[in-house]
Amino acid sequence: MTLAWRHLLRALYLETSTPGTPKTCPSPKAGAFWTSVAKLGLHTKPSMPPCDFTPERYQSLAYDRVLEIHKQHLSPVLTAYFSEPLLLHQGHMEWLFDYEGNRYLDFFSGIVTVSVGHCHPKVNAVAQKQLGRLWHTSAVFFHPPIHEYAEKLSALLPEPLKVIFLLNSGSEANDLAMLMARAHSNNTDIISFRGAYHGCSPYTLGLTNVGFYKMELPSGMGCQSTMCPDVFRGPWGGSHCRDSPVQTIRKCSCASDCCQAKDQYIEQFKDTLSTSVAKSIAGFFAEPIQGVNGVVQYPKGFLKEAFELVRERGGVCIADEVQTGFGRLGSHFWGFQTHGVLPDIVTMAKGIGNGFPMAAVVTTPEIAKSLAKRLLHFNTFGGNPMACAIGSSVLEVIKEENLQENSQEVGTYMLLKFAKLRDEFEIVGDVRGKGLMIGIEMVKDKTSRQPLPREEVNQIHQDCKRMGLLIGRGGTFSQVTRRLAFTYHFRHSASHPRCASLNQKLILQWKYSVLP
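Everything numeric here is computed off the predicted structure, so don't read it as measured data. (Residues numbered from 1 in each chain as written. Predicted model: local features only at pLDDT ≥ 70, side-chain atom pairs only at ≥ 80, totals over all residues. Heavy atoms only, no water.)

## Description of the pattern of salt bridges
Right, on to step 1. On inspection of all chains with the given rule, the structure shows 15 salt bridges.
Right, on to step 2. A salt bridge links Arg 65 to Glu 68; its shortest N-O distance comes to 3.0 Å. Taken together, the residues span about one helical turn, with Arg 65 and Glu 68 both in helix 2 (residues 63-73) at a distance of three residues.
Right, on to step 3. The exposure class assigned to Arg 65 is partly exposed, which follows from its relative accessible area of 37%.
Right, on to step 4. The salt bridge partner of Arg 422 is Asp 423, with a shortest N-O separation of 3.3 Å.
Right, on to step 5. Owing to a relative accessible area of 9%, Arg 422 belongs among the buried residues under this scheme.
Right, on to step 6. Several salt bridges share partner residues, and in doing so they unite Arg 233, Arg 242, Asp 430, Arg 432 and Glu 441 into one network. (Salt bridge = Lys/Arg side-chain N within 4 Å of Asp/Glu carboxyl O. Helix = DSSP H or I, 4+ residues; strand = E, 2+ residues; numbered from the N terminus. Buried < 20%, exposed > 50% of the residue type's maximum accessible area, 1.4 Å probe, protein only.)

Okay, structure coming up:
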């Protein structure tokens, strides 16, 4: 803690009717949800937004027994966020409840997976109805839910992306996309960005370029990484680069319709093509916005030029929409549309089933036929009746409740509010994102852009939990707070002495943006 940070412990007022207030407001049940808040001191605990749902009483294993079983019988890989792992019991829309009945506002959505709210009543009803009719068959028999879903999903994708392969997870989808690219191109090399996350299967580990997912043993052969065009942390970036309401604090001399940073990163991409892969390649994978790496956005126009370069080498272009798809970015239903590109293959998972295991690969008839000539592709559980019925209901809810529009309106509002916090606090280095895919990068100071030490980031997350807010983290050094919230709702906060005032403000910012 430094004395300089004590000077930031100032009061906060939230206006009730600013021009930037979203039109989509809490329901009347929320009462004076938008009323002004009294001045908060350092030790004031923000109150939670109202909730009219009462969870069931927890009657399962004791907490200590859960820890014991986990240690003895489950994976030893440390994945729990907190030193005292959170034991969840029930969920309802934007809320989660632990075994003691404590309520949390979920701003991480099961790692970008619960797309329309926990246990959404319509999705629940559809799942229960299908459960009583037909759980499972396989691709050797037809059933209506898979055909109904295929028709609905294909209608949301542009021509010629009309052939759908249904699977169970994002890693599995990207596995199949890699195979498709190689089968169609007759080439091997596939390029992906540094910082990319495309799965943790033996095959996709070659595409994933995040250090702690790498291992000493060979895996993912034929994959090559290239520089991530990160306009905040990379060597080039300026004040007009991103397709976002909020730009970096880095300055540049570019006009609004050109980007020197984009040109520099394209030269790096060309260098990869010239030196690190064969003359003909199989393909290029890209997340429209990097998720695990901390909601990293590329310069406008970069993907369009990169796709052209890949196709000149005989490769296909794959958009990984596992985190960005289904309206999360607000302005478009698919992330690739925000870049003005048309991929050859699209992979999707997570929000596709609102938490039910489901994934898809969508491609062109030509590429699908190339795969069929080389492989009798079969998946036991992919496209099962339960998954397809739930997937259809998720698409219906997104449309009926205008969730894409909600992502655009509320996400923009939040980004602009977070940008004000960035301008006020030295440890907030960058605010970025689009729609309800938002990242806040924590730094030691804005000049060096060095990551905030992990112990302080951990404390921020711990304090968020203590105040009733669950958030995610990302970035090479886990220095980015990720808000990959529901297209319906959201998350973030903290109270380390160095960060306490910021934490209070973040809590309130989210409290006054959450929907009923």
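## Digging into unusual backbone geometry
Right, on to step 1. Glu 159 connects to Pro 160 through a cis peptide bond whose omega is 0°.
Right, on to step 2. The residue Pro 160 is located in the loop between helix 5 (144-154) and strand 4 (163-167) in this model.
Right, on to step 3. Despite not being glycine, Val 112 has its phi angle at roughly 60°, a positive value.
Right, on to step 4. One non-glycine residue, Val 295, lies in the positive phi region at around 55°.
Right, on to step 5. If you trace the backbone, Val 295 turns up in the loop between strand 7 (283-286) and helix 8 (302-312).

## Details of the packing of aromatic side chains
Right, on to step 1. Scanning all chains against the criterion turns up 17 aromatic pairs.
Right, on to step 2. Consider the rings of Tyr 81 and Phe 108, whose centres lie 6.2 Å apart with planes at 20°: the pair is stacked. Here Tyr 81, found in the loop between helix 2 and strand 1 (88-92), pairs with Phe 108, found in the loop between strand 3 (103-106) and helix 3 (109-112); they are 27 residues apart in sequence, far enough to count as distant.
Right, on to step 3. Judged by centre distance (5.8 Å) and plane angle (70°), the ring pair of Phe 326 and Phe 333 falls under edge-to-face.
Right, on to step 4. Over the aromatic face of Trp 95 sits the side chain of Arg 103, whose NZ or CZ is 4.4 Å from the ring centroid. (Phe/Tyr/Trp six-rings, centres within 6.5 Å; stacked < 30°, edge-to-face > 60°. Lys NZ or Arg CZ within 6 Å of the ring centre and 35° of its normal.)

## Examining the sheet that holds strand 7
Right, on to step 1. Spatially, the seven strands line up as an open sheet ordered 4-10-9-8-7-5-6, and their pairing is mixed. The sheet terminates laterally at strand 4 and strand 6 (223-226), the two strands that pair on one side only. Direction aside, neighbouring strands of the sheet carry axes that sit 20° apart on average.
Right, on to step 2. As paired strands, strand 8 (residues 316-320) and strand 9 (residues 345-348) are joined by three bridges and run parallel to one another. Across the sheet, residue Asp 320 finds its bridge partner in strand 9, namely Thr 347.
Right, on to step 3. Those strands touched by helix 7 (residues 260-275) are strand 5 (190-193), strand 6 and strand 7, and its axis lies near 155° from that of strand 6.
Right, on to step 4. Contacting strand 5, strand 7 and strand 8, helix 8 crosses the sheet at an angle of about 160° to strand 7. (Pairing = 2+ DSSP bridges. Axes fitted to C-alpha atoms, helices over the stretch in contact; angles between N-to-C directions. Contact = heavy atoms within 4.5 Å.)

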